[in-house]
Every structure is written in structure tokens, then in C-alpha cells.
Amino acid sequence: MSNIQIHKNNSNYTIYASAGCNPTPHCADWGDNGLIVFGAHNSVAVLDPNYNNSARQIATYTGHEGRVNTVHWLRSSTFQPETYFISGADDSNAIVWKFDKQAKNVNFEPLKHDGPVTDLSSRQLENNKWLIAAAAEQTVTLWIFDTIKITLAQKIINQNSYTLGLCLFQLPKSDQLLLAFGNDKGNVLIWAQDKAFELNNTDLDPFRMVHQMTGHEDWIRALDAVKDGDDILLASSAQDNFIRLWRISKRSAEQARENSVDICNINEEDSEEIRVEEKIIHLCANNWCAISLESVLYGHEGWVYGVNWHRSKENDLRLLSVSIDKSIIIWAPSEDGVWMEQVRVGEVGGNSLGFYGGKFSSNGKSIFGHSYQGGFHIWHQSPESDNLWTPGIIVGGHFDEVRDLAWAPNGEYLLTVSADQTSRIHAPWRRSSDEEDAAVTWHELARPQVHGYDMQTLAILSRYKFASGAEEKIVRTFQASTNFIENFRRITGAQADVEGDAVLKNLPKGASVPSLGLSNKAVYSADIDTVPQQKHIKDEYPENYFVPVTLDAPPQEETLMQNTLWPEMQKLYGHGFEIYSLAATPDGKVLASACRATNEEHAQIILWDTTTWKQIQKLAGHKLTVTQLRFSPDSRLLLSVSRDRTWTLFERAEELTVANNQPFYRIKQKSAAKVSVHSRIIWACDWSHDSKYFLTGGRDAVLGVWTQGDAEKADWGLCLKKRTRILLLHLLLHLSL
């Protein structure tokens, strides 16, 4: 799961939930109810972008067994707040959900498809029914949803082409439904319903293909339609970097015949005049339409992944386009009807890729986009100028599974690592000391490490130091930059401390990752002052992207990516395979590490002195990978659990510790695999706050609680065995909010 949740103590109330948007087109939608729904790994999350002058994730829905690719609100034809939404995923299912803040996971039977569902569209019919279209590889499936059940209406099979974007719409002043979808050959296909939808029937009148529009030279990625007077404007975007606007106008049979005659009577003189080609299409019975190319828009330098229309109360029409070139453009027609770029926002510089999707808010005063790294970006229109858009505060999170997390020693922030190759710091934003508790909201404040390998584990060494392990043989350690500490104190209201003051005096301002590098290189004030102005082509890609910023509010995605890195302190070598687990003593003086292993030699635990960064000793106790390590709160004991279904307890030898002037541990007790409480891999372990109990949790869904006998040197024995539904336990008993 890529979702992180923080709850109040002794309460089911969630004060913070964090998840990033999956990096796929059509994976987020902004409804007329003011809420953003998006795919987060295998789940669907709902985000309120206007919560308490900030933003907050308010609900999470689980049910898919594969990555969610697309989500869509079922909109009302009267623009009422939406109640239902639908999601499609790699598990070949689409699920309709009812949004309810009180009742969670209210969903209907999954809709089976022939492949991963990549796009969704809907149109409300009468009697509270919706027609839903779902694209899955070479098929488009139509469903009827009546808030009680969902029935299959029609399946359209596209031979030798994949459907990538689709849109359902209705001709103005008509009951004629049209379905447009694009394919990987650069064509937009128009399918029309044979006759008007009859409410008395349970079946939908079938759609048939009536026209194919050509012009794009690469895959069609998105389609969106809007009513424009008595016509429909259909926007299509593709990987050829172009956007095409198509005008679809209703025609009577007489108009269709007259148009055909006019075309036949064109003479040579008239043919020299530039004309917009208009195709007359027979839809069904007496329904005809004319399709013409309205405009071709070129402003992006990369694939255009999304388009979205918005019509204001003043009847002004605007089009939003998002691209992998890191830009979002708002287009609007000029007074003479020429479509022009009105506003351009997005990311500038840095090592990020661009946007996968974006939408207008219902009032058109805000826009948002979601990017390749799963982050959200939001901009609000300035009341003073229609063309001035300022970035707003939003929440985000990891877009791949979270593999480890740890609290700062005093609980001021939460640090997480993920398979999305990043580590992130989550902390509260306190506006001012005189505001009520409701004004405190949690946000992502920094990304200390943006790596080139999937992150696996971490250990907090002190308030401003941590160690991390990824799918590499190296343990990396980091220390906060002065720019982070300054901003952290302002945003969270944290009190000054000795460690932080020492960092502010002596350490770097920030960090930057060099091109083709994996290490966070320290950036000092002198490095920033000597950065040259761009006078040469090579200066377009500088060695240092870091720019110190002063923040009083949570940073935007652009700042998080390149201005919140922590400098790397040390690399620790000693393991033969990828690092799998880390742990540190409460005082941070000893660090324990373990790697993936298939034999006893590589399953050894290495202890490091965090003052000298030298190895203290190697501890043998397992035959397979050590899955988790935990020091007891008094630092006297080290607990390890392994894939070999055993746990091992190491005790600090006081006499050897004093003699060697450094901590020294030896085996105190080891469980037997043949008579183990756990019949499968032991995944997790942790201690009680008083070091009197430790817990183990395994893949067999068994939770074991262990304690020591009454005698001082008695063995530790099982005092409680409980079966739980949680398969992967991460037990953080030493600190709760």
C-alpha cells in the first residue's frame, strides 16, 4: 500500500492520510462536489483541496487487486454534487463506488473486462441512470447503472488497435448519444446510437460506427467534449504534441442534402478559396451531423496526456491541456475566434518529468495537475488578474508501496521510505500559537532522499539524522540541511535545540544530486553565491539545482523535489547483498543493519558505531534474510526476526562493553524453527515501552507476545498468541499520538 494514515490516540479519527497519485493518464478527477478522486496504488482516495484553508485526504476505498489506472465521477446533467464514482484498474475490473463520509467502501459488483481498464466516461440518462463506457485494450464496454444494479449494454471490439481515450456526449437539442474514442493509430472513431434511448426498455439501443476522424500522427491520449451553442466541441490530444478541436453540428436531412449538392457544384474559381472541410455523417433514422476541424493547437513540446473543458457562468469557454513537457496550458478563443494560449503554468528545471493529467475546478477558478512522481500541483486564479495564477497548498504522498517508517525521537515528524525511490518527512503545519487545534494540518515537508533504487528500510539516529537502505549493498546516512531546519521550525513551531543550532552554524545550506549520480552532494553558501547566470548552453543544465527558500507554509511539489534534500554524510560498506533492515539504539549511538541472505554468512547482522562509522561486530543468529531489527528502549537487548521463522535475542555484555569502550552484544536466546509459534515467515517485531515485552508478527497472521520469566536470567516465553487479519504488521508501540 502507498497510503499512510495517522490516528489520534484511543480514537478511530484519522488526522492525516497521505498517498500519491498513480503515474497514469486519467487517474484523477475533480468533481462538481469540490472533491478530487484519484488512484493510489491499488486503492482509490478522495481529497478535499479546500479543507481548512489547506487540503486533506478524507477517504480511502479498497477493492482492486491491481494498480488503479483511471477514476471518474458520475456527473449529473444538472451539475449537482456527485455521489458515485467509478474506478478501473490493472486487475481488468471497474468498480462503481458510492461516496459517503460515514459508510466506507460502499461499492457494487466489479465489472469484468478483457484487459486492464485505462479510461472511463459516463453520461447521465433520465430516471437517475448513467451510461458508462470503459476502455480496456481492444474493447470498449458500455454499462447501464441505475444506483441499484449494473447491467451490460454492449461490447465494442476494435480489431488491431488499442483504445486509449474515450468520451460520451449528447448532441444539443437532440436525444442522440455519441461515443468518441481514440486509438493507437492516431484516429478518433465516432459511434452513434441507432435511435433515441427508450426509458421503458432495460436494454440500451446499440451503437454503431459512423465516422473516423484522421489528422493525429501518433497515439490519441485523451478526449473531452463540451456544448458550444447548438454544437459540440470535441478536443483530442495525442503523442504528436498537438491538440485538435473538432466541431460537431446537428443537421437535418434537408441540410444534409443541400450540403451534398453544394459540394458537387463547386467550380474551379470557388475551389481556390480556402474552405474548412465539413463531413456530413448519417447517425440514425433522420439524425445527421456535420463534423469539421475547428482548430489545431500547438504549444507543448511533449506528449499531451490530458484535455479538459470548462464553461464559466459568463459563458466563456476555456480548454486545459497537460503534457509530459512539465507544462499545463489554458487555451481561450480571442475576439476573432482564434484559439490562443492564455496561461501557462508548471515546473521549471529540476530532474522531474511532466504531467499525466489535470482538471478545472467546478467554478473554473482553480486547476490541478498530477505528475510523474505522483505529486499534486494546484493553482488558484488571482482575483486581481484573470491571467495570474498562484500555486496553492495541497497534500500528496508516495505513489508506490511504503516499506518502512519511523517517528522522530520526540514525535515531531514521521519519516517514510517507499518503492517509489524516495524518503519523505510528514509533519504538522501550525499556523500560529493562538489558533485552535483544528487549524493544525499535516503535510509533506521534505524529501531528504530521492534515490535511483527502490527504498527498503530506515532508522532514525537523532532529531536531524537518519540512515536508509535501498536495493543496493550500501547503507547511507544523512543529516538535515540548515535550510530545512529553518523552514521546519517556522512551519511546525518546533522549539530550538542544541543539535539544530549546531547544524545551523556549521553544516551545508542544502543538497543536490549531480547528473547520473546517486549521492546527495552538499551545497554550501559559497556554492550558491558563485552559481553563474545562464550565458552558455551548458548552463541550461547546472550541476546544482538547489536554491534556498524561506517557507512559512508547506512547500509545493517543485520545491519538495529539488530544494529539500539532505546532504549525505557517510556510506557504510560491509554487506554482500541488498540492504533489507535497519535499527538504531534510542540514543542513536549504535546502528544495526542486515541484508538479503540465503545462508548463515550473509544473514549476519552488522553493528556500526555512529561516532566513528566503523564496524563494531557481526552477529550470527539466522540462516535466511533478517526481516526486521529492534533495539529495546533501554538499549540492553536487540531483537531480530527472519525468513527462517525464528527470532533471536541479543544481550549487551556489560563487562565487554566497558573493556572495549564500545557496545558489545552476544546471543541470549533463540527460538527453535521446528517448534516455533510461527509456521510462516516472521515479518515484524517490536518492544513495549518498558522493555518487558516484545511482539512478533508473521505471514501466518499470528501475533505472539513474549515476556521474561520471574528469575533475573530466565528465558523469554510466550505469554499471548493471537490470530489477526493483518498479514504484515509494523508494530510501533513505543510512541503514539
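Residues numbered from 1 in each chain as written. Predicted model: local features only at pLDDT ≥ 70, side-chain atom pairs only at ≥ 80, totals over all residues. Heavy atoms only, no water.

**What to know about empty space enclosed by the protein**
And step 1. This model, assessed by the stated rule, comprises four cavities of 30 Å³ or more.
And step 2. By volume, the largest cavity is sized at about 110 Å³.
And step 3. Counting residues per element, the ones that place at least two in the lining of the largest cavity are strand E36 (441–450) and helix H6 (557–563).
And step 4. Per-class residue counts for the lining of the largest cavity are seven nonpolar, five polar and two charged.
And step 5. Taken as a whole, the second largest cavity spans an internal volume of roughly 100 Å³. (1 Å grid on protein atoms, 1.4 Å probe; cavity = no way out; pocket = protein on both sides within 12 Å on 5 of 7 lines; lining within 4 Å. Points joined across faces, edges and corners; volume = space filled by probe spheres on them. Helix = DSSP H or I, 4+ residues; strand = E, 2+ residues; numbered from the N terminus. Nonpolar A, V, L, I, M, F, W, Y, C, P; charged D, E, K, R; others polar.)

**Considerations on the pairing of strand E12 (residues 117–124)**
And step 1. By the criterion of burial, E12 is predominantly enclosed, with six of the eight residues buried.
And step 2. Relative to strand E13 (residues 130–136), E12 is paired through seven bridges, and the arrangement is antiparallel. Within E13, the residue paired with Ser122 across the bridge is Ile132.
And step 3. The hairpin turn running from E12 into E13, its antiparallel successor, is five residues long, and Asn127 in that turn takes a positive phi close to 55°. (Buried < 20%, exposed > 50% of the residue type's maximum accessible area, 1.4 Å probe, protein only. Pairing = 2+ DSSP bridges.)

**As for the UniProt feature "repeat: WD" (unreviewed entry) in the protein**
And step 1. The positions that UniProt labels "repeat: WD" (unreviewed entry) are, in the present scheme, residues 213–256, 395–425, 619–651 and 675–706.
And step 2. Summarising residues 395–425: 0% helix, 48% strand, and an end-to-end C-alpha distance of 12 Å.
And step 3. Between the first and last C-alpha atoms of residues 675–706 the distance is 15 Å; the span itself is 0% helix and 53% strand. (UniProt positions renumbered as here; feature names shortened; annotations may be inferred.)

**Thoughts on the nonpolar core**
And step 1. Formed by 26 residues in total, the largest nonpolar core has its most connected members in Tyr413, Leu415, Ile425, Ile460, Phe484, Phe488 and Trp566.
And step 2. Contributions of two or more residues to this core are made by strand E34 (414–418), strand E35 (422–429), E36, strand E37 (455–462), strand E38 (465–470) and helix H3 (482–492).
And step 3. When near neighbours in sequence (up to four residues on either side) are disregarded, Tyr413 contacts Ala406, Trp407, Ala408, Ile425, His426, Ala427, Ile460, Ser462, Arg463, Tyr464, Phe488 and Trp566.
And step 4. If you look at the next biggest cluster of nonpolar residues, it comprises 22 residues, including Cys167, Phe169, Leu223 and Ala225. (Core = buried A, V, L, I, M, F, W, Y, C linked by side-chain atoms within 4.5 Å. Contact = heavy atoms within 4.5 Å.)

**Let's talk about the packing of aromatic side chains**
And step 1. As enumerated under the stated definition, the model contains 32 aromatic pairs in all.
And step 2. Within the aromatic cluster, the residues linked to one another by ring pairs are Tyr413, Phe466, Phe478, Phe484, Phe488 and Trp566.
And step 3. Of note, Arg56 hangs over the ring of Tyr51, and the distance from its end group to the ring centre comes to 5.1 Å. (Phe/Tyr/Trp six-rings, centres within 6.5 Å; stacked < 30°, edge-to-face > 60°. Lys NZ or Arg CZ within 6 Å of the ring centre and 35° of its normal.)

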